[in-house]
Amino acid sequence: MGVTGFDTTPRRGRNGVCVCQATPQLFEVMMEGLFKKCIEENREFLFIDAWNEWGESMYLEPDSKYGLAYLEVLLKISFLNAPTYLSIVYFMDICSFSN
């Protein structure tokens, strides 16, 4: 798993889950592991979710704290190291693009 952060405590209180110490550097380590596993297992797809799940602190979209760092990690790992057979599929909230 590779996460940029995750926090359901605003919605679930004490029953929530929080991954609050995530950084682009930790995300890079996790994503390198995922890409390695996909390659070793000859997987055709790697699905990436949560372009802008701000409510759960799980997003790739640039922000004021890290700027483009999370996207730069994906660029570095996916386009420079992924074999041609591995397709990277990004799920984005369609509302992000509406006016």
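Refer to the preceding data block for the structure.
Values in this document were obtained by computation on a predicted structure and should not be read as measured data.

Calculation criteria
Residues numbered from 1 in each chain as written. Predicted model: local features only at pLDDT ≥ 70, side-chain atom pairs only at ≥ 80, totals over all residues. Heavy atoms only, no water. Helix = DSSP H or I, 4+ residues; strand = E, 2+ residues; numbered from the N terminus. Buried < 20%, exposed > 50% of the residue type's maximum accessible area, 1.4 Å probe, protein only. Lys, Arg positive; Asp, Glu negative; His and termini not counted. Salt bridge = Lys/Arg side-chain N within 4 Å of Asp/Glu carboxyl O. Polar contact = N/O pair within 3.5 Å; in protein donor to acceptor, adjacent residues only side chain to side chain. Contact = heavy atoms within 4.5 Å. Core = buried A, V, L, I, M, F, W, Y, C linked by side-chain atoms within 4.5 Å.

Peer 1: Help me get a handle on the side chain of Asp7, residues and values and all.
Peer 2: With respect to the helices and strands, Asp7 occurs in strand β1 (residues 6–7). The charged side chain of Asp7 is buried without a salt bridge, its nearest counter-charge being Arg11 at 9.1 Å. Of the polar contacts made by the side chain of Asp7, one reaches the side chain of Thr9; its length is 2.5 Å. When neighbours within four sequence positions are excluded, Asp7 is seen to be in contact with Val17, Cys18, Gly55, Glu56 and Ser57.

Peer 1: Could you give me a rundown of the pattern of salt bridges, with the residues and numbers involved?
Peer 2: A side chain with one charge may pair with a side chain of the opposite charge, provided their charged atoms come close. Across all of its chains, the model carries three salt bridges by this definition. Put simply, Glu28 and Lys76 hold a salt bridge, and the shortest N to O gap is 2.6 Å. Within this pair, whereas Glu28 is found in helix α2 (residues 24–40), its partner Lys76 is found in helix α3 (residues 69–81), the two being separated by 48 residues in sequence. Judged by relative accessible area, which is 18%, Glu28 ranks as buried. For Lys76, a relative accessible area of 42% gives the class partly exposed.

Peer 1: Give a detailed account of the nonpolar core, specifying residues and quantitative values.
Peer 2: Phe27, Met31, Leu60 and Leu74 are the most contacted members of the largest nonpolar core, which has 13 residues in total. Elements with a contribution of two residues or more to this core: α2, β3 (45–48) and α3.

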